[in-house]
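Observations on the model geometry
Letter by letter, the chains look like this.
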Amino acid sequence: MTESDPFDEIIEAETDRDPDLAVIEAGSRTLRTQGGAPSADVPTRPEDPEVDKALRAVEADLATRWGETKLEPSVSRIAALMDVLGEPQRTYPSIHITGTNGKTSTARMIEALLGAFELRTGRYTSPHVQSVTERISLDGAPVSAERFIETYNDIKPYVEMVDARQEYRLSFFEVLTGMAYAAFADAPVDVAVVEVGMGGSWDATNVIDGDVAVVTPIDLDHTDRLGETPAEIAGEKGGIIKQDATVILAQQPVDAAQVLLKKAVEVDATVAREGLEFGVVGRQVAVGGQLVTLRGLGGEYPEVYLPLHGEHQAHNAAVALAAVEAFFGVGSQRPEPLDLDTVRKAFAAVSSPGRLEVVRRSPTVVLDAAHNPAGARVTADAIGEAFDFSRLIGVVGASGDKNVRGVLEAFEPIFAEVVVTQNSSHRAMDADELAAIAVEVFGEERVQVEPQLPDALEAAITLAEEEGEFAGGGVLVTGSVITVGEARLLLGKG
């Protein structure tokens with residue numbers, strides 16, 4: 001783009017809500033302020049040049065290792081690292097989360113609930129939206145760049161020691177997992193909330209013994225690694241269920257549920273199932289999110305404001321609530337429910353960057369990290385429920401190893417047109433290759449190709465504005481966490 005390109009002005013435009021909308025939101029904002037101001041969910045680059053230089057050096061060092069898509073299914077290397085570090089993951093209880101979709105949002109909700117009950121939390125999630133430091137959080141906020149660097153330097157000699165003894169060096173994800181577990185022990189935390197990277201049984205995170213194991217909805221993803229049916233995938237993910245643990249099961253396909261229940265029986269785990277022992281009693285759309293009534297293991301929690309869009313987030317909230325109840329022994333050691341006001345305060349403060357996140361108005365631009373057909377379907381449903389778009393333009397940039405056709409088919413009914421693009425990752429599907437699939441799904445007249453993401457955003461915003469400023473046009477950027485993260489930066493959110 002040239003220096004005079006109007007998109008330079010567009011991406012610097014004010015992203016706050018319109019004044020009239022702010023007035024309409026007054027009622028729900030009252031609920032949200034009870035939860036306190038949310039912390040910075042997505043850190044920017046360090047302002048100190050020396051710290052930024054040191055962080056870039058760590059990132060470069062990590063980049064020399066196997067990426068997250070190259071795996072040797074085993075926990076032997078991470079177990080060896082934990083051994084030389086003195087088993088830091090054994091110094092605190094943990095809640096372990098697996099599943100196909102909803103893991104990060106559920107982890108954030110669990111973290112918020114635990115924090116509201118005055119427990120010090122550590123949260124480990126992946127992938128990151130913009131900064132690798134997002135993956136390790138303490139007290140509800142990503143660790144500082146300084147602490148990230150310090151933790152890496154602390155464990156680096158031990159990482160190199162393990163590298164020298166193993167057939168393969170520790171991977172990028174294994175080193176980050178070791179960093180998280182060490183940081184949590186050093187803090188120290190009262191409880192760790194840990195999301196698996198992929199699968200369960202051989203995932204690097206699976207050197208913890210989760211007191212509570214959470215399984216969010218299982219669907220088809222990473223089929224080359226995990227299996228081609230929900231039951232086969234459940235077999236891998238069920239590997240996080242440990243002896244005498246409590247298992248919180250979101251609604252599952254029947255064959256997946258059978259596998260998970262069988263695993264629970266084998267290890268004498270206690271099971272709570274969504275729709276039976278807990279669930280969503282009712283929900284209604286509210287400005288900026290939704291108002292839900294949840295049934296937990298200890299009773300009902302009415303009128304809980306959740307500042308996230310979509311029915312799937314209500315179900316994630318029910319799962320998170322049950323997980324925290326189980327952690328505190330509600331339904332087993334103690335009969336009474338959790339304090340309602342504290343639960344409301346916690347949920348009102350929840351955020352989940354890159355998950356139906358509004359980053360701009362006039363036209364409205366929404367970011368969502370859906371990258372498989374199941375995720376795309378729930379996003380499409382949520383868009384229809386939460387937004388009144390008269391014309392929605394899609395910006396899609398996907399990874400080459402995903403079921404891209406399935407994602408596009410899920411969005412076809414809600415996209416008037418789609419602009420296909422590609423992000424900067426080496427895993428990104430070529431824009432022309434993606435366009436060929438999009439043409440088969442949408443028809444040639446509804447597909448535009450812009451290989452550069454800034455150009456794709458500019459094209460989509462222009463298309464959304466064609467009906468006029470107040471006509472209700474919008475843009476949804478989706479297809480990959482990386483695409484969403486890069487768009488977030490371009491639109492002034494990072």
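Residues numbered from 1 in each chain as written. Predicted model: local features only at pLDDT ≥ 70, side-chain atom pairs only at ≥ 80, totals over all residues. Heavy atoms only, no water.

**Here's the deal with the overall build of the protein chain**
Per the secondary structure count, the protein chain includes 18 helices and 17 strands. The buried share of the protein chain, taken over its 494 residues, is 54%. Long-range contacts, defined as pairs at least 24 residues apart, comprise 73% of the intrachain contacts of the protein chain with a sequence gap of at least 6. Of the roughly 20,100 Å² of accessible surface on the protein chain, 48% is carried by carbon and sulfur atoms. (Helix = DSSP H or I, 4+ residues; strand = E, 2+ residues; numbered from the N terminus. Buried < 20%, exposed > 50% of the residue type's maximum accessible area, 1.4 Å probe, protein only. Contact = heavy atoms within 4.5 Å. Areas by Shrake-Rupley, 256 points an atom, 1.4 Å probe, with all protein chains shown as cover.)

**A short note on unusual backbone geometry**
The omega torsion across Ser 126 and Pro 127 is -10°, close enough to zero to call that bond cis. Position of Pro 127 among the secondary structure elements: in the loop between β2 (121-124) and β3 (136-138). Cis geometry marks the peptide bond from Ala 187 to Pro 188, where omega comes out at -15°. Inspection of the secondary structure puts Pro 188 in the loop between α8 (172-186) and β5 (191-195). Even without glycine at this site, Glu 118 takes up a positive phi of about 65°.

**A closer look at the sheet that holds strand β9 (residues 279-286)**
If you trace the three strands from one edge of the open sheet to the other, you get β9-β10-β11, paired in antiparallel fashion. Looking at the sheet topology across the chains shown, the edges are occupied by β9 and β11 (300-306). Strand after strand, the sheet turns through a mean of 15° between neighbouring axes, direction not considered. Bridge analysis of β9 against strand β10 (residues 289-295) gives seven bridges, and the strand direction is antiparallel. Looking at β10, one finds that Val 280 is bridged to Leu 294. Of the strands in this sheet, β9, β10 and β11 are in contact with helix α12 (residues 311-328), which crosses β10 at around 40°. (Pairing = 2+ DSSP bridges. Axes fitted to C-alpha atoms, helices over the stretch in contact; angles between N-to-C directions.)

**Quick look at the packing of aromatic side chains**
Tallied over the full model, the rule gives eight aromatic pairs. Ring plane angle 65° and centroid distance 5.6 Å describe the contact between Phe 117 and Phe 328, whose orientation is recorded as edge-to-face. Linking Phe 117 in the loop between α6 (103-116) and β2 with Phe 328 in helix α12, this pair joins segments that are 211 residues apart in sequence. Between Phe 327 and Phe 328, the aromatic rings sit 5.7 Å apart at their centres with planes inclined by 70°, giving edge-to-face as the arrangement. Overall, Phe 327 belongs to the partly exposed group, its relative accessible area being 22%. An aromatic cluster is present here, built from Phe 117, Phe 327 and Phe 328 joined pairwise through their rings. (Phe/Tyr/Trp six-rings, centres within 6.5 Å; stacked < 30°, edge-to-face > 60°.)

**Considering the nonpolar core**
Generally speaking, a soluble globular protein has its nonpolar side chains buried in company with each other. In this structure, Ile 136, Phe 148 and Phe 184 are the most contacted members of the largest nonpolar core, which totals 38 residues. Elements supplying a minimum of two residues to this core: α4 (49-63), α5 (76-84), β3, α7 (145-165), α8 and β5. By residue number, the principal contributor to this core is α8, which donates ten residues. Among residues more than four places away in sequence, those in contact with Phe 148 are Leu 55, Val 58, Leu 62, Val 132, Thr 133, Ile 136, Val 143, Leu 176 and Met 179. (Core = buried A, V, L, I, M, F, W, Y, C linked by side-chain atoms within 4.5 Å.)

**Things to note about the sheet that holds β2**
Taken together, eight strands build an open sheet; the order of strands is β4-β3-β2-β5-β1-β6-β7-β8 and the sheet is mixed. Of all the strands in the sheet, the pair left with one neighbour each is β4 (141-142) and β8 (270-273). Relative to strand β6 (residues 212-215), strand β1 (residues 94-98) runs parallel, the two sharing four bridges. Of the residues in β6, the one forming a bridge with Thr 98 is Val 215.

**Concerning helix α11 (residues 254-266)**
For α11, built from 13 residues, the straight-helix expectation of 18 Å at 1.5 Å per residue is met to within 8% by its first-to-last C-alpha distance of 19 Å. Within the span of α11, buried status applies to Ala 256, Ala 257, Leu 260 and Ala 264. Looking straight down α11, one finds its buried side chains confined to an arc of 95°; they lie on one side. Across α11 from its buried face, at more than 90 degrees, point the exposed residues Val 254, Gln 258, Lys 262, Val 265 and Glu 266. Asp 268, located one to two residues past α11, shows a positive phi value of around 55°. (Expected span 1.5 Å × (residues − 1). Arc of directions from axis to C-beta.)

**Some thoughts on the confidence of the model for the protein chain**
The predicted model of the protein chain averages 87 in pLDDT, with 88% of residues at 70 or higher. Averaged pLDDT values over the elements of the protein chain bottom out at 29 in helix α3 (residues 26-34) and peak at 98 in β2. Counting contacts from residues 1-40, a segment whose pLDDT is below 50, to residues more than four positions away or on other chains yields 50 contacts. (pLDDT = per-residue confidence, 0-100.)

**Overview of the packing of helix α14 (residues 373-386) against helix α15 (residues 404-411)**
One can describe the packing of α14 onto α15 by two numbers: an axis separation of 8 Å at closest approach and a directional angle of 15°. Between α14 and α15, the angle is such that the two are roughly parallel. Here α14 runs over α15; the crossing is right-handed. Seen from α14, the contacting residues are Pro 373, Ala 376, Arg 377, Thr 379 and Ala 380; seen from α15, they are Gly 406, Val 407, Ala 410 and Phe 411. Residue composition of the contact of α14 with α15, grouped by class: six nonpolar, two polar and one charged. (Parallel < 35°, antiparallel > 145°, perpendicular 65-115°, else oblique. Left-handed = near helix turned anticlockwise from the far one by under 90°. Nonpolar A, V, L, I, M, F, W, Y, C, P; charged D, E, K, R; others polar.)

**Things to note about the pairing of strand β17 (residues 473-478)**
With six of six residues buried, β17 is to be regarded as a mostly interior element. In the sheet, strand β13 (residues 364-367) pairs with β17 via four bridges, with the strands oriented parallel. What sits directly across from Val 365, in β17, is Val 475. By the bridge criterion, six bridges tie strand β14 (residues 391-396) to β17 in an arrangement that is parallel. Counted as the bridge partner of Leu 392 is Gly 474 from β17.

**Digging into the environment of Ser 424**
Tracing the backbone through its elements, the reader meets Ser 424 in the loop between β15 (417-420) and α16 (431-442). Once the C-alpha coordinates of Ser 424 and Leu 453 are considered, the two residues, 29 residues apart in sequence, prove to be 8.8 Å apart. Within the local environment of Ser 424, its side chain forms a polar contact with the side chain of Glu 486, the two groups lying 2.3 Å apart. (Polar contact = N/O pair within 3.5 Å; in protein donor to acceptor, adjacent residues only side chain to side chain.)

**A few points about the pairing of β1**
β1 sits mainly inside the fold: five of its five residues count as buried. Residues Ser 94, His 96 and Thr 98 line one face of β1 and the alternating positions Ile 95 and Ile 97 line the opposite face, and both faces are buried. The sheet contact formed by β1 and β5 spans four bridges and is parallel. Within the sheet, the bridge partner assigned to His 96 lies in β5 and is Val 194.

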